[in-house]
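One-letter residues, chain by chain:
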Amino acid sequence: MLKVGVLGAGHLGKIHLRLLQQSDKYELVGFYDENQENAERISKEFGYKNFNTIAKLIHAVDVIDIVTPTLSHYKCAKVAIKSGKHIFIEKPIANTVEEAEEIIALANEYNVKGQVGHVERFNPAFIATKNMIENPMFIETHRLAEFNPRGTDVPVVLDLMIHDIDAILSVVNSKVKNINASGVSVISETPDIANARIEFENGCVANLTASRISMKNMRKTRFFQKDAYISVDFLEKKCEVVRMKDAPEVPGDFDMILQNAEGVKKQIYFTNPDVEQNNAILDELNSFADAINNDTTPVVTLEQATDALRVAYQIIDCFKK
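All values derive from a computational prediction rather than experimental measurement.

### Here we look at helix 1 (residues 11–22)
And then number 1: For helix 1, with 12 residues, the first-to-last C-alpha span of 18 Å sits near the 16 Å given by 1.5 Å per residue.
And then number 2: Within the sequence span of helix 1, burial applies to Gly13, His16, Leu17, Leu19 and Leu20.
And then number 3: In the core, the buried residues of helix 1 are packed alongside strand 1 (2–7), strand 2 (26–32), strand 3 (63–66), strand 4 (86–90) and helix 8 (280–294).

What follows is the structure, encoded as structure tokens:
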């Protein structure tokens, strides 16, 4: 079991603490939170060991789980890596692309592993369909959330849309060619609702919408590719696959057949792949332990998270123009 310590005991930090204590791959040594009053309260309530300095916690563990505000990700990662510790960082990897690139360079220099908490990669509906997503040419995502003051210190692109950016980059095997985007600030100082169109060199187009001022929650992505349409509901953890293939010469009574203008007939199949329910946060943390123990590449690498952050900032730059 890997000894692990958590930096940050806010809303998400408390979830990480609980799950790491449940995990059979980690030994939870303790945590550090800069608000010592909050730290003492959590320690008293849940029994986790509260360290009064980051240095003491880092010294006592093999892995540091960074669940602090984004502004401090780089500083925390730098200290942990220079102490030779593996790092799990909540998304986004850092506040700037430059900071993210330096985290990568440090991890390579000190030969430690890093993984970033793009948790939707572990969403069971995405896992159930990922192998079916082959060369998608049009992607549409909607990630809508009811207003919550937590997270409004950053644009909605870094808060919500970055989940979909990362998921899309993980399935589109091509470089980004062009980005157009617009964003509107309604309640916050930074954009609360945004739309982006990402064009890839291979011709794929992704249209992303994110809002944190919606009347209802929605997290849906649709992938369109040759002879298939794949719908993934990240919120309800459901998926649907619609496939087409050449129609049989003598269709059955209940076969659904489409005929195009050229007279070509296609048969349509609907399937709902089995979705194995899981705890995505626990799975991502456990997968990082496996990567360390087996010396394999983490599921969400520091480089992939930096690519997602780079695209996010290209979208934000479009707002400024």
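### Observations concerning helix 8
And then number 1: Taking 1.5 Å of rise per residue, the 15 residues of helix 8 would be expected to cover 21 Å, and the 21 Å separating its terminal C-alpha atoms lies within 8% of that figure.
And then number 2: For helix 8, a buried count of 11 out of 15 residues is recorded, marking the element as mostly surrounded by other parts of the structure.
And then number 3: Within helix 8, the full set of buried residues consists of Ala280, Ile281, Leu282, Glu284, Leu285, Asn286, Ser287, Phe288, Ala289, Ala291 and Ile292.
And then number 4: Against strand 1, helix 1, strand 2, strand 3, strand 4 and strand 5 (114–117) lie the buried residues of helix 8.
And then number 5: Where helix 8 begins, the side chain of Asn279 points an oxygen toward the backbone nitrogen of Ile281, at a separation of 3.2 Å.
And then number 6: Downstream of helix 8 by one or two residues, Asp295 has phi in the positive range, about 50°.

### A closer look at the environment of Thr68
And then number 1: You can see Thr68 is positioned in the loop between strand 3 and helix 4 (73–82).
And then number 2: Owing to a relative accessible area of 15%, Thr68 belongs among the buried residues under this scheme.
And then number 3: For Thr68, the contacting residues outside a window of four places in its chain are Leu7, Gly8, His73 and Cys76.
And then number 4: Within the structure, Thr68 has its side chain in polar contact with the side chain of Ser72 (distance 2.9 Å).

### Section: the UniProt feature "domain: Gfo/Idh/MocA-like oxidoreductase N-terminal" (unreviewed entry) in the protein chain
And then number 1: Under the UniProt annotation, the feature "domain: Gfo/Idh/MocA-like oxidoreductase N-terminal" (unreviewed entry) is placed at residues 2–118.
And then number 2: Between the first and last C-alpha atoms of residues 2–118 the distance is 21 Å; the span itself is 44% helix and 22% strand.

### A short note on the pairing of strand 10 (residues 218–225)
And then number 1: In this sheet, strand 10 lies alongside strand 6 (residues 138–144) in antiparallel orientation, the contact comprising seven bridges. Pairing of Arg143 across the sheet is with Arg219, part of strand 10.
And then number 2: With six bridges joining them, strand 10 and strand 11 (residues 228–233) adopt antiparallel strand pairing. Looking at strand 11, one finds that Phe223 is bridged to Ile230.
And then number 3: In sequence, strand 10 turns back onto strand 11 through a hairpin of two residues, with Asp227 there showing a positive phi of about 65°.

### Here's the deal with the domain arrangement of the protein chain
Quite often, the size of an interface is put as the accessible area lost when its parts meet.
And then number 1: With domains assigned, the protein chain is organised as domain 1 (2–112) and domain 2 (122–278 + 310–319).
And then number 2: On a C-alpha basis, the centres of domain 1 and domain 2 stand 31 Å from each other.
And then number 3: Carbon and sulfur atoms make up 59% of the area that domain 1 and domain 2 hide from each other, which totals about 650 Å².
And then number 4: At the boundary of domain 1 and domain 2, one finds one salt bridge.
And then number 5: The closest approach of N and O atoms between Glu101 and Arg310, which form a salt bridge, is 2.8 Å.
And then number 6: Linking domain 1 with domain 2 are three residue pairs in polar contact (both at pLDDT 80 or more).
And then number 7: Looking at the side of domain 1 that touches domain 2 residue by residue, the class counts come to two nonpolar, three polar and two charged.

### Comments concerning the environment of Lys226
And then number 1: Relative to the helices and strands, Lys226 is located in the loop between strand 10 and strand 11.
And then number 2: Taking the C-alpha atoms as reference points, Lys226 and Ile81, separated by 145 residues in sequence, lie 44 Å from one another.

### With respect to the packing of aromatic side chains
And then number 1: The full count for this structure, using the stated rule, is six aromatic pairs.
And then number 2: Ring centres 6.5 Å apart and planes at 85° place the aromatic pair Phe31 and Tyr48 in the edge-to-face group. Here Phe31 is found in strand 2, whereas its partner Tyr48 is found in the loop between helix 2 (36–46) and helix 3 (54–59), with 17 residues between them in sequence.
And then number 3: By relative accessible area, Phe31 is classed as buried at 0%.
And then number 4: On the accessibility criterion, Tyr48 (7% relative accessible area) is buried.
And then number 5: Aromatic side chains Phe126 and Phe234 sit 5.8 Å apart centroid to centroid with 40° between the ring planes, which places their arrangement in the tilted category. Here Phe234 lies in the loop between strand 11 and strand 12 (238–246) and Phe126 lies in helix 6 (residues 124–129), a separation of 108 residues in the sequence.

### Digging into the UniProt feature "domain: GFO/IDH/MocA-like oxidoreductase" (unreviewed entry) in the protein chain
And then number 1: The sites that UniProt annotates as "domain: GFO/IDH/MocA-like oxidoreductase" (unreviewed entry) are residues 156–217.
And then number 2: Secondary structure across residues 156–217 divides into 26% helix and 39% strand, with the first and last C-alpha atoms of the span separated by 14 Å.

Conventions and cut-offs
Residues numbered from 1 in each chain as written. Predicted model: local features only at pLDDT ≥ 70, side-chain atom pairs only at ≥ 80, totals over all residues. Heavy atoms only, no water. Helix = DSSP H or I, 4+ residues; strand = E, 2+ residues; numbered from the N terminus. Expected span 1.5 Å × (residues − 1). Buried < 20%, exposed > 50% of the residue type's maximum accessible area, 1.4 Å probe, protein only. Contact = heavy atoms within 4.5 Å. Polar contact = N/O pair within 3.5 Å; in protein donor to acceptor, adjacent residues only side chain to side chain. UniProt positions renumbered as here; feature names shortened; annotations may be inferred. Pairing = 2+ DSSP bridges. Domains from an automatic or database assignment. Buried area = accessible area lost by both parts, 1.4 Å probe. Salt bridge = Lys/Arg side-chain N within 4 Å of Asp/Glu carboxyl O. Nonpolar A, V, L, I, M, F, W, Y, C, P; charged D, E, K, R; others polar. Phe/Tyr/Trp six-rings, centres within 6.5 Å; stacked < 30°, edge-to-face > 60°.

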